[in-house]
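If you want the building blocks of each chain, they are given just below.
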Amino acid sequence: MLQGMVSAVKKNKNRRLWKKSGKSLAVPVFPDDMKENAAIKNFSQNVFNDAGDIVFTLSTSFDITSLNLEFEKKTGWTSDEWTGKSFYSLICEEDRPFAKKRFKCIANESDSSPFELKIITKSDDSIAMEIVVSNNTSYGKTSGYLGIARDITARRKIETSEKKFESRLSTMIDTIPDIIYQLDCSGNITFINKAVMN
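Reference entry: report on the structure contained in this document. Within each chain, residue numbers correspond to sequence positions counted from 1 in written order. Residues qualify for local features only when their pLDDT is at least 70, as the model is predicted, and side-chain atom pairs are given and counted only at 80 or more; totals for whole chains, interfaces and linings, by contrast, use all residues. Side-chain numbers come from the whole structure's heavy atoms, not from hydrogens or water.

## Structural notes on the pairing of strand 8 (residues 141-151)
Reasoning step 1: Strands were regarded as paired on the criterion that DSSP finds at least two bridges between them. Helix and strand labels come from DSSP, where a helix needs a run of H or I of at least four residues and a strand needs a run of E of at least two; each type is numbered from the N terminus. In the sheet, strand 4 (residues 54-58) pairs with strand 8 via 5 bridges, with the strands oriented antiparallel. Each bridged residue has a counterpart across the sheet, and for valine 55 the counterpart in strand 8 is isoleucine 148.
Reasoning step 2: Counted between consecutive antiparallel strands, the loop separating strand 7 (residues 126-138) from strand 8 contains 2 residues, among which tyrosine 139 sits at a positive phi close to 55°.

## Examining empty space enclosed by the protein
Reasoning step 1: Throughout, the protein atoms alone are placed on a 1 Å grid, and a set of points is a cavity if a 1.4 Å probe fits but cannot get out or a pocket if it is open with protein on both sides within 12 Å along at least five of seven lines; lining residues have an atom within 4 Å of a point. Grid points are joined across faces, edges and corners, and a volume is the space filled by probe spheres set on the points. This model, assessed by the stated rule, comprises 1 cavity of 30 Å³ or more.
Reasoning step 2: Together, Ile54, Phe56, Leu67, Phe71, Phe87, Leu90, Ile119, Met129, Ile131 and Ala149 line the largest cavity.
Reasoning step 3: Put simply, the parts of the chain that give the lining of the largest cavity at least two residues each are strand 4 and strand 7.

## Description of the pattern of salt bridges
Reasoning step 1: Salt bridge, as used here: a side-chain nitrogen of Lys or Arg that lies within 4 Å of a carboxyl oxygen of Asp or Glu. In total, this model carries 7 salt bridges according to the counting rule given.
Reasoning step 2: Put simply, lysine 74 and glutamate 70 hold a salt bridge, and the shortest N to O gap is 3.8 Å. Remark: glutamate 70 and lysine 74 occur in helix 2 (residues 69-75); sequence separation between them is 4 residues, near one turn of the helix.
Reasoning step 3: Note on exposure labels: buried denotes an accessible area under 20% of the residue type's maximum, exposed denotes more than 50%, and partly exposed covers the range between, all computed with a 1.4 Å probe on protein chains only. Lysine 74 sits in the partly exposed class, given a relative accessible area of 30%.

## Topic: the sheet that holds strand 5 (residues 64-67)
Reasoning step 1: Strand order across the open sheet formed by 5 strands is 5-4-8-7-6, with antiparallel pairing between neighbours. Looking along the sheet, the strands with just one partner apiece sit at the ends: strand 5 and strand 6 (115-120). Adjacent strand axes in the sheet meet at a mean angle of 35° when their direction is disregarded.
Reasoning step 2: In the sheet, strand 6 pairs with strand 7 via 6 bridges, with the strands oriented antiparallel. In the sheet register, phenylalanine 115 faces strand 7, and the bridge partner there is isoleucine 131.
Reasoning step 3: Here a residue-residue contact requires only that any non-hydrogen atoms of the pair lie within 4.5 Å. An axis is simply a line fitted to the C-alpha atoms; with a helix, the fit covers only the stretch in contact. Between two such axes, the angle follows the N-to-C directions and lies from 0 to 180 degrees. Lying over the sheet, helix 4 (residues 96-107) contacts strand 4, strand 6, strand 7 and strand 8, oriented at roughly 125° with respect to strand 6.
Reasoning step 4: Each of strand 6, strand 7 and strand 8 touches helix 5 (residues 153-175); the most contacted strand, strand 7, lies at about 135° to it.

## Notes on the nonpolar core
Reasoning step 1: Among the buried residues, those of types Ala, Val, Leu, Ile, Met, Phe, Trp, Tyr and Cys that are joined through side-chain atoms within 4.5 Å form a nonpolar core. Grouped together as the largest cluster of nonpolar side chains are 25 residues, with contacts concentrated most on Phe56, Leu58, Phe87, Leu90, Phe103, Ile131 and Val133.
Reasoning step 2: Elements supplying a minimum of two residues to this core: strand 4, strand 5, helix 4, strand 6, strand 7 and strand 8.
Reasoning step 3: Broken down by element, the residue count for this core peaks at 4 residues, all from strand 7.
Reasoning step 4: Residues contacting isoleucine 131, with those up to four places away along its chain left out, are Phe56, Ser113, Pro114, Phe115, Leu117, Ile148 and Ala149.

## Remarks on helix 4
Since the α-helix packs 3.6 residues into each turn, any two residues three or four apart lie on the same face.
Reasoning step 1: Expected span of a helix, by definition, is 1.5 Å for each gap between consecutive residues, and there is one gap fewer than residues. The terminal C-alpha atoms of helix 4, which comprises 12 residues, lie 16 Å apart, in line with the 16 Å expected from a rise of 1.5 Å per residue.
Reasoning step 2: Of all the positions in helix 4, only Ala99, Arg102, Phe103 and Ile106 are classed as buried. The buried residues of helix 4 occupy an angular sector of 100° when projected down its axis, which confines them to one face. In helix 4, the exposed positions that point more than 90 degrees away from the buried face belong to Pro97, Lys101 and Lys104.
Reasoning step 3: Contact partners of the buried residues in helix 4: strand 4, strand 6, strand 7 and strand 8.
Reasoning step 4: Glutamate 109 sits one or two residues past helix 4 and shows a positive phi near 60°. When we speak of the arc, we mean the arc of directions from the helix axis to the C-beta atoms.

## Thoughts on the packing of aromatic side chains
Reasoning step 1: In summary, the pairing rule links any two rings of Phe, Tyr or Trp, Trp by its six-membered ring, whose centres are within 6.5 Å, and it sorts them by plane angle into stacked for under 30 degrees, edge-to-face for over 60 and tilted for everything else. Within this structure, the stated rule accounts for 9 aromatic pairs.
Reasoning step 2: Between phenylalanine 56 and phenylalanine 87, the aromatic rings sit 4.9 Å apart at their centres with planes inclined by 15°, giving stacked as the arrangement. Separated by 31 residues along the polypeptide, phenylalanine 56 in strand 4 and phenylalanine 87 in the loop between helix 3 (79-82) and helix 4 bring together distant segments of the chain.
Reasoning step 3: With a relative accessible area of 4%, phenylalanine 87 lands in the buried category.
Reasoning step 4: Their ring planes at 85° and their centres at 5.5 Å tell us that tryptophan 77 and tryptophan 82 sit as a pair that is edge-to-face.
Reasoning step 5: Of the residues examined, tryptophan 82 reaches a relative accessible area of 8% and is grouped as buried.
Reasoning step 6: Here the aromatic cluster, defined as three or more aromatic residues joined through ring pairs, consists of Phe56, Phe62, Phe87, Tyr88, Phe98, Phe103, Phe115 and Tyr145.
Reasoning step 7: Criterion for a charge above a ring: Arg CZ or Lys NZ at most 6 Å from the ring centre, at most 35 degrees from the ring normal. Of note, lysine 85 hangs over the ring of tryptophan 82, and the distance from its end group to the ring centre comes to 5.4 Å.

Bear in mind that shape data such as this cannot, by itself, settle questions of function.
In structure tokens form, the structure reads like this:
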């Protein structure tokens, strides 16, 4: 908040002088604090860039303000190509109405549970993402949003293959003329094919 009002900064041994409209405000700055803040900032930057998931920040109007290196690996886009653009433009068209509803809930702080969206890659493919977004607050007001997006494309492909296999297997079992059934440990029938009806 003070940054916008500062016109000049002068350093003194154990204090920093902020000049604001001709008045000086002395703010104590200790060397150890400066080292600790630099270490925290460096650690945060490393976590941001080394994460195996896409980490992003959005403005209050859902424009992209930052993207980590994983974004480029997953999508083929550079962060510069998307910084400042609407996050909605990155989402596959069929998922945009759902995304707008979810982001409205996030803005109202009524739902911060994970959700799934498909995003567009530079090669015009899509990636299924599981996304978690939370509000960044400053002085009790939302100043933007922090999000993490995990690529679940492979998981969704496996689930789709399993469903297709189960469907084919079920069709095949139902066409066998013999009765096929399955029992649980208590001897209860948990599955029986259609041959029992003939």
